[in-house]
Amino acid sequence: MRVALAQFIYESNTFNPELAEMSCFTERGVWLTEPAAIKTWAQATDTQLQRSVEVLAEAGHETVPVMVAVCGAPGGRLSAACHDALKSAFLDGLRGAGTLDAMVLHLHGAVAAEGIDDVEGDWLATVRQELGFTGPLVVSLDLHANVTAAMLEHADAITAYRTAPHEDFAETGERAAQLLLDLPESTTRTMAKIAALIPPISTHHEVGPFAEMLNRARDLQRPAGILDVSLFPVQPWLDVEGLGTSVVVTATDPAEGQRVAQQLAEGWYAQRFVWPTGLLAWDELQSRLEPRSDGPWLLVDTADATTGGSDGSSLAAVREFWPRRDNLAGTVLLWVVAPEMVSGDREVGAQVQLDLPDLTVTGELTFAGECQFRPRGKAYTGQLISCGRAQVVASGQLRVIFTERGCLCSDPAFYEAVGLDPEGALAVHVKSLLGWQAGFGVGPERGLYFDGPGMTSLNFARLSFTGARRELWPINPSPPNPISLWQSI
Ligand SMILES: [Zn+2]
């Protein structure tokens with residue numbers, strides 16, 4: 001069998017008005033279209049693509065990877081030009097790959113572009129309808145995907161990560177390849193869409209209500225006739241049609257697929273009263289900020305998570321801590337994306353004054369330069385991440401890092417790259433919802449969670465959702481149609 005593969009990973013937050021351009025992939029991510037170059041790159045990674053290529057090759061099949069497009073961090077919709085460039089490269093790669101018997105595509109499932117709400121569904125439809133490909137096609141998705149009928153109509157099987165924060169890229173690649181190898185003559189895909197948004201903070205795979213759902217899904221995958229059961233607590237900051245949490249079952253027996261999807265969806269929806277946001281008022285947060293001997297507190301800036309597509313520009317934590325900077329029980333490391341604050345050619349050691357909106361920050365400049373790092377925790381380990389130019393201002397117990405742009409910042413290596421000591425601090429600011437637990441190797445109890453300005457608020461009713469999205473739990477406490485079923489023919 002000759003199998004084409006691709007990996008296209010980007011996550012859109014439609015509340016972020018800034019359009020993503022090709023530079024997100026070419027300069028701050030991965031962009032490859034030559035099969036040989038892709039294989040060389042993949043060998044140094046633990047990606048889905050690498051593992052699916054290995055599994056297929058071990059089974060004696062020829063693999064032709066046609067494209068890798070991975071963006072450095074989530075953001076707004078793709079610009080039309082960026083989307084056209086990506087899609088053209090993908091289709092050209094497939095057209096130029098010769099005769100193909102099957103495809104394994106590693107996609108995200110929450111990509112929106114200018115004028116297109118469901119990019120992955122659009123690409124899969126094009127593969128079937130324009131390229132006329134009729135062979136087996138297996139898709140892996142991020143569990144933050146907003147799964148659509150278009151995706152399920154054109155794929156023979158769909159699977160997803162089982163971990164949040166995501167650590168099981170290779171396992172997901174292996175599962176996708178194995179689904180292809182074991183694929184029966186025909187499959188039925190069933191989706192139960194739940195009219196609810198779950199705070200990502202409540203979707204850890206090891207603890208809490210989502211861990212319980214994953215266990216139930218694993219048990220239900222065992223009966224004959226069920227090929228895969230995947231759960232999708234959708235990335236909630238997508239104001240697009242059909243947004244919702246999904247259970248997706250790939251089965252040989254339609255009735256069994258429907259039974260499993262319905263049962264899991266009912267159980268999941270029934271959990272909705274125990275999806276806490278954990279948000280603290282500032283007074284309570286400050287009162288809990290006692291020194292600890294086993295590492296820092298993590299100040300979790302839930303509304304401005306760059307890992308969820310916010311722009312990182314919120315000053316909420318700086319405003320809160322600035323007046324207390326001389327009275328803190330240890331150093332507190334804070335971060336703001338502020339391109340206008342890092343352009344000056346200031347000297348390290350100089351006293352500086354930064355005029356921010358309604359706040360003036362003064363102190364000693366302790367770092368000025370490029371902020372580049374490789375995470376050493378369990379998420380994005382070893383990847384080169386860049387936030388562009390950075391400057392650090394120290395005043396009292398505060399250290400404020402200003403960077404040119406947002407990035408995946410949920411790892412101590414980010415602060416170390418600008419000369420700070422996160423492990424020795426009283427508290428460290430993270431613009432990440434769950435990833436910091438993998439990055440810092442700690443549990444959810446280490447977080448002090450707050451809401452503020454930004455595009456990833458857990459207070460969903462506060463966001464400018466439109467249309468049917470305002471009927472989703474918890475924006476509407478009684479959604480008119482809590483669970484709807486869709487099944488492929
Ligand atoms: Zn995700």
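Just so we're clear, the structure is a prediction, and the values are computed from it rather than from any experiment.

Procedures and definitions
- Residues numbered from 1 in each chain as written.
- Predicted model: local features only at pLDDT ≥ 70, side-chain atom pairs only at ≥ 80, totals over all residues.
- Pairing = 2+ DSSP bridges.
- Helix = DSSP H or I, 4+ residues; strand = E, 2+ residues; numbered from the N terminus.
- Axes fitted to C-alpha atoms, helices over the stretch in contact; angles between N-to-C directions.
- Domains from an automatic or database assignment.
- Contact = placed C-beta atoms within 7 Å.
- Nonpolar A, V, L, I, M, F, W, Y, C, P; charged D, E, K, R; others polar.

Student: Explain the sheet that holds strand E17 (residues 447–450) to me, using residue names and the numbers behind them.
Tutor: Pairing in this open sheet of eight strands is mixed, and the strands run E12-E13-E14-E15-E11-E16-E10-E17 from one edge to the other. Each having just a single partner strand, strand E12 (351–356) and E17 make up the two edges of the open sheet. Taking the axes of each pair of neighbouring strands and ignoring which way they run, one obtains an average angle of 35 degrees across the sheet. By the bridge criterion, six bridges tie strand E11 (residues 332–337) to strand E15 (residues 398–403) in an arrangement that is parallel. The residue of E15 that forms the bridge with leucine 333 is arginine 399.

Student: I'd love a proper account of the sheet that holds strand E8 (residues 226–232), names of residues and values included.
Tutor: Read from one edge to the other, the open sheet built from four strands follows the order E8-E9-E7-E18, with strand pairing classed as antiparallel. Pairing within the sheet leaves two strands with one partner each, and these edge strands are E8 and strand E18 (483–487). Across the sheet, the axes of successive neighbouring strands diverge by a mean angle of 15 degrees, strand direction being ignored. Looking at chain direction, E8 and strand E9 (residues 245–251) are connected through six bridges and run antiparallel. Looking across to E9, one finds that valine 229 is bridged to valine 249.

Student: Could you give an account of the domain arrangement of the protein chain, with specific residues and numbers?
Tutor: One can read the domain layout of the protein chain as domain 1 (1–183), domain 2 (189–275 + 460–489) and domain 3 (282–457). If you average the C-alpha positions of domain 1 and of domain 2, the two centres end up 22 Å apart. Taken residue by residue, the interface counts 25 residues in domain 1 and 28 residues in domain 2. If you list the elements that add at least two residues to the side of domain 1 that touches domain 2, you get helix H6 (149–154) and strand E6 (157–160). Take the side of domain 1 that touches domain 2: its biggest share by element is four residues, from E6. By residue class, the composition of the side of domain 1 that touches domain 2 is 13 nonpolar, eight polar and four charged.

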